[in-house]
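# Structural characterization, general
In case you want the letters, here they are:
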Amino acid sequence: MTGQQLHLPGGRAARGPYALRIDPGEAGWSHCALRVLELGPGASHPFATGDSEWIVLPLTGGCTVQVDGEFLELLGRESVFSGVTDFAYLPRDAHAQIASGAGGRFALAGARCERRLPARYGPAPEVPVEARGSGVCAREVHNFAAADTFDCDRLIAVEVLTPGGNWSSYPPHKHDEHLPGEEAELEEIYYFEIEGGGVGYQRVSPSRPGGADVLAEVRSGDAVLVPDGWHGPSIATPGHTMYYLNVMAGPGDEREWKIRFHPDHRTEGYR
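Now for a description of the structure that goes with this document.

Definitions and cut-offs
- Residues numbered from 1 in each chain as written.
- Predicted model: local features only at pLDDT ≥ 70, side-chain atom pairs only at ≥ 80, totals over all residues.
- Heavy atoms only, no water.
- Helix = DSSP H or I, 4+ residues; strand = E, 2+ residues; numbered from the N terminus.
- Buried < 20%, exposed > 50% of the residue type's maximum accessible area, 1.4 Å probe, protein only.
- Pairing = 2+ DSSP bridges.
- Disulfide = S-S within 2.5 Å.
- Core = buried A, V, L, I, M, F, W, Y, C linked by side-chain atoms within 4.5 Å.
- Contact = heavy atoms within 4.5 Å.

## Describing the environment of Ala102
Inspection of the secondary structure puts Ala102 in the loop between β8 (95–100) and β9 (104–112). Separated by 40 residues in sequence, Ala102 and Gly62 have C-alpha atoms that sit 7.6 Å apart.

The following block contains the structure:
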């Protein structure tokens, strides 16, 4: 796909109740999915999980989630810039109801999977917060559904906050080949919000002839698809913190995040 097809400006992928809807068929790949649901005060949304597992992640506001006889209350947060949030895990082959008394925006991060795990609540205090990188490459990572922090079948998802003027997703790295012990094959979606209505920049460069090639100016509500390639840097412009949600999944037998860094970039202090 071309860079224009891989960069989805806010609104381009809106469908029905979703401000953003990226399913595997639309993305042209096998596993990874992301939807952003907007609910007005007192509104609710029925949701069938189908052949995928999902995490309901509040972006703004709180909600309740009913699934498999469970009633999960998510306190949520004021915005993605105000800290970590609690979340709900929804198994495949389930019917859920998402409702919000005050209204809000909710990310549904999904992945096609085989195992049916139980519905669960993810408390905000148990989300590992990682300070990654240093200097102008310092950023904060919320590892709420990283491969080693929360049990899923295929889905891997994290949030990243990059201070204005800093670089993130750096050094450029990739995960588009299966190399045991070294690299895992994972599709990936970046979803962006920029504090204060600013812009940021996202680069994806080819790791193979004809591979993904993107240089995008991104705004709140934009998404970038990464089917392959070296991705990074993600650049936050001065004065505007950049948030992005990473959603990943792939065909490997092991759920793992193994990456290779671009050989032409230094890694010391930046990873």
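## What to know about the pairing of strand β20 (residues 230–236)
Regular strands place their side chains on alternate faces of the sheet. Burial of β20 is extensive: six of the seven residues sit out of reach of the surface. Here strand β14 (residues 167–168) pairs with β20 via two bridges, running antiparallel. Note on β20: the bridge partner recorded for Trp167 is Ile235. When strand β17 (residues 200–205) meets β20, the two strands line up antiparallel, connected through five bridges. Bridged to Tyr201 within β20 is Ile235.

## Some details on the state of the cysteines
Inspection of the entire model under this criterion finds zero disulfides. As a non-bridged cysteine, Cys152 has Cys113 as the owner of its nearest cysteine sulfur, 8.9 Å distant. The class for Cys152 is buried, based on a relative accessible area of 2%.

## Points about unusual backbone geometry
Residue Pro171 is reached from Tyr170 by a cis peptide bond, and omega for that bond is 0°. Within the element layout of this structure, Pro171 appears in the loop between β14 and β15 (173–174). For the peptide bond that leads from Gly232 to Pro233, omega is 5°, which places it in the cis range. Tracing the backbone through its elements, the reader meets Pro233 in strand β20. For Asp93, which is not glycine, the phi torsion reads 55° and is therefore positive. By relative accessible area, Asp93 is classed as partly exposed at 47%. Positive phi, normally seen in glycine, also occurs at Ser169, with a value near 50°. Take Ser169: its relative accessible area is 7%, and that puts it in the buried class.

## Structural notes on the nonpolar core
Leu34, Ile55, Phe144, Ile189 and Leu245 are the most contacted members of the largest nonpolar core, which has 53 residues in total. Sort the elements by how many residues they give to this core and strand β21 (residues 242–249) lands first, with six residues. With residues near it in sequence (within four places) discarded, Phe144 still touches Ile55, Leu57, Phe87, Val127, Thr149, Phe150, Ala157, Val158, Glu159 and Leu245. In this structure, Ala33, Leu74, Ala96 and Ile98 belong to the second largest nonpolar core, which totals 20 residues.

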